[in-house]
Amino acid sequence: MSKLSLHSVSVPIFMIQFYAERILGDLGGTSKSDYDGNTYGASLDATVKLRGGFRVFAGFDWLNVSRDSFKEKGSDFAQNVSREDEDTFASRLGVRYDRYFSDFGLYGFAAWKHRFDDTESRVESSFAGAPGEFTAQGLSPDKDSALLGLGAEYTFGKNYAIFADANADLNTGGAELGASAGFRYTW
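Since we're looking at a predicted model, the values are computed, not measured.

**A closer look at the environment of Ala-90**
Step number 1: Structurally, the position occupied by Ala-90 is in strand 7 (residues 84–101).
Step number 2: Residues Ala-90 and His-114, 24 residues apart in the sequence, show an inter-C-alpha distance of 5.4 Å.
Step number 3: Not counting residues within four places of it along the chain, the set of residues in contact with Ala-90 comprises Gly-59, Phe-60, Asp-61, Lys-113, His-114, Arg-115 and Phe-116.

**Digging into the nonpolar core**
Step number 1: Within the largest apolar cluster, six residues are counted, these being Phe-57, Tyr-107, Phe-109, Ala-111, Leu-147 and Phe-163.
Step number 2: It is strand 8 (residues 104–115) that contributes the most residues to this core, three residues altogether.

**Some points on the pairing of strand 2 (residues 29–49)**
Step number 1: Bridge count for strand 2 against strand 5 (residues 73–75) is two bridges, and the pairing is antiparallel. Bridge pairing in strand 5 links Gly-29 to Ser-75.
Step number 2: Of the pairings in the sheet, the one linking strand 2 to strand 3 (residues 54–67) comprises 13 bridges and is antiparallel in character. Residue pairing in the sheet places Leu-44 in a bridge with Phe-60 of strand 3.
Step number 3: In sequence, strand 2 turns back onto strand 3 through a hairpin of four residues, with Gly-52 there showing a positive phi of about 70°.

**Things to note about the environment of Phe-89**
Step number 1: Structurally, Phe-89 is set in strand 7.
Step number 2: Distance in space between the C-alpha atoms of Phe-89 and Arg-115 is 5.9 Å, their sequence separation being 26 residues.
Step number 3: Setting aside residues up to four positions removed in sequence, Phe-89 forms contacts with Phe-60, Asp-61, Trp-62, His-114, Arg-115, Phe-116 and Asp-117.

**Details of the pairing of strand 13 (residues 174–186)**
The side chains of a regular strand alternate, first on one face of the sheet and then on the other.
Step number 1: Examined bridge by bridge, strand 12 (residues 160–171) and strand 13 share 12 bridges and lie antiparallel to one another. Each bridged residue has a counterpart across the sheet, and for Ala-161 the counterpart in strand 13 is Arg-184.
Step number 2: Counted between consecutive antiparallel strands, the loop separating strand 12 from strand 13 contains two residues.

**Quick word on the sheet that holds strand 6 (residues 79–81)**
Step number 1: With antiparallel pairing, four strands are arranged side by side in an open sheet as 4-6-9-10. Every interior strand has two partners, whereas the edge strands, strand 4 (70–71) and strand 10 (134–137), have only one.
Step number 2: Pairing of strand 4 with strand 6, which is carried by two bridges, proceeds in the antiparallel orientation. By the bridge assignment for strand 6, Lys-71 is matched with Asn-80.

**Comments concerning the side chain of Ser-31**
Step number 1: Relative to the elements of secondary structure, Ser-31 occurs in strand 2.
Step number 2: Sequence-distant contacts of Ser-31, defined by excluding residues within four places in its chain, comprise Ala-20, Glu-21, Arg-22, Leu-24, Glu-72, Lys-73, Ser-75, Phe-77 and Ala-78.

**Description of the pattern of salt bridges**
Step number 1: What the rule picks out here adds up to 10 salt bridges.
Step number 2: The salt bridge involving Asp-169 is made with Lys-113; its shortest N-O contact spans 3.0 Å. Pair noted here: Asp-169 is in strand 12 and Lys-113 is in strand 8, with a separation of 56 residues, a long-range link. Lys-113 carries the same exposure label as Asp-169, and that label is buried.

Procedures and definitions
- Residues numbered from 1 in each chain as written.
- Predicted model: local features only at pLDDT ≥ 70, side-chain atom pairs only at ≥ 80, totals over all residues.
- Heavy atoms only, no water.
- Helix = DSSP H or I, 4+ residues; strand = E, 2+ residues; numbered from the N terminus.
- Contact = heavy atoms within 4.5 Å.
- Core = buried A, V, L, I, M, F, W, Y, C linked by side-chain atoms within 4.5 Å.
- Buried < 20%, exposed > 50% of the residue type's maximum accessible area, 1.4 Å probe, protein only.
- Pairing = 2+ DSSP bridges.
- Salt bridge = Lys/Arg side-chain N within 4 Å of Asp/Glu carboxyl O.

Below, the structure written as structure tokens:
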């Protein structure tokens with residue numbers, strides 16, 4: 001018997017510490033930086049349970065990624081990099097297989113993901129001690145990609161679960177590997 005289920009997934013805030021080194025060779029040594037970033041978001045999903053542990057799902061995601069401004073140190077070509085703050089909106093359509101052992105479940109999923117917004121990442125930067133700014137182009141993932149993942153969840157009560165999963169977002173521009181954890185309420 002098929003059952004339609006709507007649920008909201010809140011992803012907690014992830015605080016990220018970045019440490020980077022740019023080796024400049026003959027140009028002037030090594031530039032080093034140390035800075036923080038945050039990621040948070042939310043998802044709204046609709047699923048239809050099928051037979052044998054399979055589900056079809058559609059979802060909508062919002063994700064905010066921010067990175068603090070920072071100043072590199074250690075070379076003649078150290079950069080001052082401005083703060084970056086991006087919002088991303090995407091949809092997902094896919095299939096999930098889950099297997100439960102009492103209140104504990106394991107699952108795997110495959111989905112088509114479509115990004116609605118501009119996928120180009122840009123950052124404003126300048127060289128320390130030099131006038132003027134320039135814009136650096138970051139990674140630009142495709143608007144469409146394949147999303148694959150594995151995860152585990154623990155259900156409690158009638159409508160609550162905590163979960164953790166690892167996923168790969170694959171497209172012709174590269175791969176993004178990630179992990180998430182959160183709380184799910186199903187109604």
